[in-house]
Amino acid sequence: MPASHLSGDDPQHTDALVLSIVDEVTGRGPLRPTDSFYDIGGTSLDAIRICLRVGREAGVEVGPEDLLGCDDLADFIALVSAARTDR
Amino acid sequence: MSTGPAGSPLIHTAVEYHAARTPDAVALVRGSVRVTYAELDAAAGACATALEERGAGPGGFVPVVMPRSPALVAVLLGVLKTGAAYAVLDPGWPLPRLRALLGLLRPRVAVAPGAADAPGALGDWAGAVWSPPPEGEFGRLAERATRRPGRPVDGSSPATVFFTSGTTGRPKAVVSGHRATTSLFGGGFAPFASGPTMIQAAPPTWDGFTLETWGPLLNGGTCVLPDGAYLMPGTLRGLADEHGVDTVWLTASLFHLFLDEDPGCFQGLRQVLTGAERLSVPRARAFLERHPTTALTNGYGPVETCVFATARRVRSADCATTTGIPIGVPVPGRRVHLLTDGREAAAPGTAGEICVSGEGLALGYLGDPRLTAERFPVLPLDGVPTRVYRTGDQGFLDGDGVLHFLGRGDRQVKIRGHRVEPEEVEAAARDVSGVRECAVVPVPGEDESHEGLALFYTQEKDADGADRLDARTLRRTLAAALPRHLVPERVHSRERLPLTASGKLDRAALTDSLRRPDHPEGDL
């Protein structure tokens, strides 16, 4: 399991982690969970970068198509949280 | 070499050659599905029979509305066996776009999976639709193979159609003959000579698909199709381990991303091909240092020259130049000419428009003879009338005859490998009710690359002076009309667009406004 700078699977941490990664990659922050990845101008390359970083930092596997298919970032956070609980 | 692939001017007969010689060799892999050359050719034959029954034949165009899959490759070979040309359309494109392209192709029959269950897949299109058996029933397709006579086509017969952005607001349909593909991959192009095992991950609507599919299959190699819509560095590692993938093509922007995020993911590959955008010098250097035994090839070529006009293995010395990584030397079937004022620029180092001649050239733009004549003129070169494609790109040849890219003479940009004419996006935005004026500029990235598109617009107001069209609605409206790579990532409403001192639209000012970090959504 990849090292994670997070303690446990606290959902609030997943929130903050995902939002900070999306912000870091797209440079469109500050972001809220109700923002849509599509509406902030996220590209497929951004989605690949975000999923790779979420994979490294949260230790879960999510695909760019998952992120691009989400209505808003809250949906994506829920996906990541579910994957973290499953592992 | 009339029996060898190098002597075969047709795409499908080159694959038939390998099916006869090495029937049990693996042509396509996806997950646990392995398709041999014999199975692929048999399935293609069954597709051809079904399509001929529905009117496909020489001189016709068959739109294929299917995602990347082994079955897609069989269908495309089947179309070619009927003597027709194929055009792959993305099932995810907006319906108005699909309908417009069908109108341009005027097909007797279209291929769309499951069309019988979902007659709305192509809207109210009235033509015949054929659906291949569902994915996973590849064997069933092959069982239906029948012996069919060859069709009267030759190397100059249309084989492929690709759509590219047009400045008039309508996409251009680039039609190429078989020989454009077979002249490149039929032998002599080093990266493919040994029949590579190559990833096929590019969208089939793009000529990167030609490279990844016909490159291996015309040389007895193997195409490995990853699961998932996007190739990830981890997937690349896994497929190299599991299926012996030795070759991958990545657009320069994707190559840079893989190298930034997971530089070791290329471990064990024999070669990496890149291009379609400017290759970053520091990244190329980092790659060569980390993977000295993996050949990195940088290529260049608009779709009108079929995949590549020039290419060359990147050397360490290339990373020391001030003019960027060179885009190489002409590949088989192509010649390069640098023209200024319609005459060949002679001296090395002299800038000119990159023009290409040879077997790689497209036949032209479907339904647009005027534009075809303009972009593919016959020019006297060394006293010989020669048909060329004028790329609109500026370049120069160095002392060794190697081509370097300088830039564009017009507004065309590359976005994630896709060629985009900002005028096409502006035309679509002007069609949206409420838009008054608009301008599309690229969002500047690093190394002179472009990260995406930005649309600035002014709008009509309500009687009480309120805005009628917010940026989000405008963007969603455009997304319903345009393929994804043409939809601007950023849309900004403005009270007025900036003008230069001479009263023209100041695009440079708009571009500069995008450079500022944390640019606010509101006014400039």
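Quick caveat, the model's predicted, so the values are computed rather than measured. (Residues numbered from 1 in each chain as written. Chains lettered and ligands numbered in written order. Predicted model: local features only at pLDDT ≥ 70, side-chain atom pairs only at ≥ 80, totals over all residues. Heavy atoms only, no water.)

What follows covers the packing of helix α2 (residues 44-58) of chain A against helix α9 (residues 252-261) of chain B. Axis separation between α2(A) and α9(B) bottoms out at 11 Å; the angle between their running directions is 15°. Judged by the inter-axis angle, α2(A) sits roughly parallel to α9(B). Note on packing geometry: the crossing formed by α2(A) with α9(B) is right-handed. Taken together, the residues of α9(B) that come into contact with α2(A) (itself represented by Leu45(A), Ile48(A), Arg49(A), Leu52(A), Arg53(A) and Arg56(A)) are Ser253(B), Leu254(B), Leu257(B), Asp260(B) and Glu261(B). Counted by class, the contact of α2(A) with α9(B) contains 5 nonpolar, 1 polar and 5 charged residues. (Axes fitted to C-alpha atoms, helices over the stretch in contact; angles between N-to-C directions. Helix = DSSP H or I, 4+ residues; strand = E, 2+ residues; numbered from the N terminus. Parallel < 35°, antiparallel > 145°, perpendicular 65-115°, else oblique. Left-handed = near helix turned anticlockwise from the far one by under 90°. Contact = heavy atoms within 4.5 Å. Nonpolar A, V, L, I, M, F, W, Y, C, P; charged D, E, K, R; others polar.)

Each partner contributes residues to the interface: chain A has 19 residues there, and chain B has 23 residues. Both sides of the chain A and chain B interface together cover about 2000 Å² of buried area, and 53% of this is carbon and sulfur. Between chain A and chain B we count 6 salt bridges in total. Measuring nitrogen to oxygen at the nearest pair gives 2.9 Å for the salt bridge that ties Arg472(B) to Asp39(A). (Buried area = accessible area lost by both parts, 1.4 Å probe. Salt bridge = Lys/Arg side-chain N within 4 Å of Asp/Glu carboxyl O.)

The predicted model of chain B has a mean per-residue pLDDT of 90, with 94% of residues at 70 or higher. Residue range residues 518-524 of chain B is modelled with pLDDT below 50. Its contacts to residues more than four positions away, or to other chains, number 14 contacts. (pLDDT = per-residue confidence, 0-100.)

We now examine helix α4 (residues 95-105) of chain B. Given 3.6 residues per turn, any residue in an α-helix points the same way as the ones three and four places further on. Residue and element names in this part refer to chain B. Residues of α4 that are buried: Arg97, Leu98, Leu101, Leu102 and Leu105. Taken around the axis of α4, the buried residues stretch over an arc of 135°, which confines them to a single face. Packing partners of the buried residues in α4 comprise β3 (61-64), β4 (85-88), β7 (158-164) and α12 (422-430). Looking one or two residues past α4, Arg106 carries a phi angle of roughly 45°, positive in sign. (Buried < 20%, exposed > 50% of the residue type's maximum accessible area, 1.4 Å probe, protein only. Arc of directions from axis to C-beta.)

Residue and element names in this part refer to chain B. One open sheet holds the 3 strands; their spatial order is β25-β26-β27, and the pairing between them is mixed. For this open sheet the edge positions go to β25 (435-444) and β27 (490-493), each flanked by a neighbour on one side alone. Along the sheet, successive strands turn relative to each other by an average axial angle of 20°, direction set aside. Where β25 meets strand β26 (residues 450-459), 9 bridges bridge the pair, whose relative direction is antiparallel. By the bridge assignment, Val440 is partnered in β26 with Leu455. Packing against the sheet, helix α13 (residues 471-479) makes contact with β25, β26 and β27, and its axis sits at approximately 120° to β26. Lying on the sheet, helix α14 (residues 507-515) is in contact with β25, β26 and β27; it crosses β25 at an angle near 55°. (Pairing = 2+ DSSP bridges.)

This paragraph deals with the nonpolar core. One broad trend across soluble globular proteins is that nonpolar side chains are buried collectively. Among the nonpolar cores identified, the biggest contains 58 residues, and Leu28(B), Leu40(B), Val64(B), Trp130(B), Trp214(B) and Leu217(B) are the most heavily contacted of them. Here Leu217(B) is in contact with Val15(B), His18(B), Ala27(B), Leu28(B), Tyr37(B), Leu40(B), Val73(B) and Cys223(B), once residues within four sequence places are set aside. (Core = buried A, V, L, I, M, F, W, Y, C linked by side-chain atoms within 4.5 Å.)

Examined against the element boundaries, Thr210(B) turns out to sit in helix α7 (residues 208-217). Not counting residues within four places of it along the chain, the set of residues in contact with Thr210(B) comprises Phe162(B), Thr181(B), Phe185(B), Gly215(B), Cys306(B) and Val307(B).

As enumerated under the stated definition, the model contains 33 salt bridges over all chains in all. A salt bridge links Glu52(B) to Arg151(B), with the shortest nitrogen-to-oxygen separation between them at 2.6 Å. Of this pair, Glu52(B) sits in helix α2 (residues 37-53) while Arg151(B) sits in the loop between α5 (138-143) and β7; the two residues are 99 residues apart in sequence, bridging distant segments of the chain. It is possible to trace a salt-bridge network through shared partners that takes in Glu24(A), Arg49(A), Arg53(A), Arg56(A), Asp260(B), Glu261(B) and Arg283(B).

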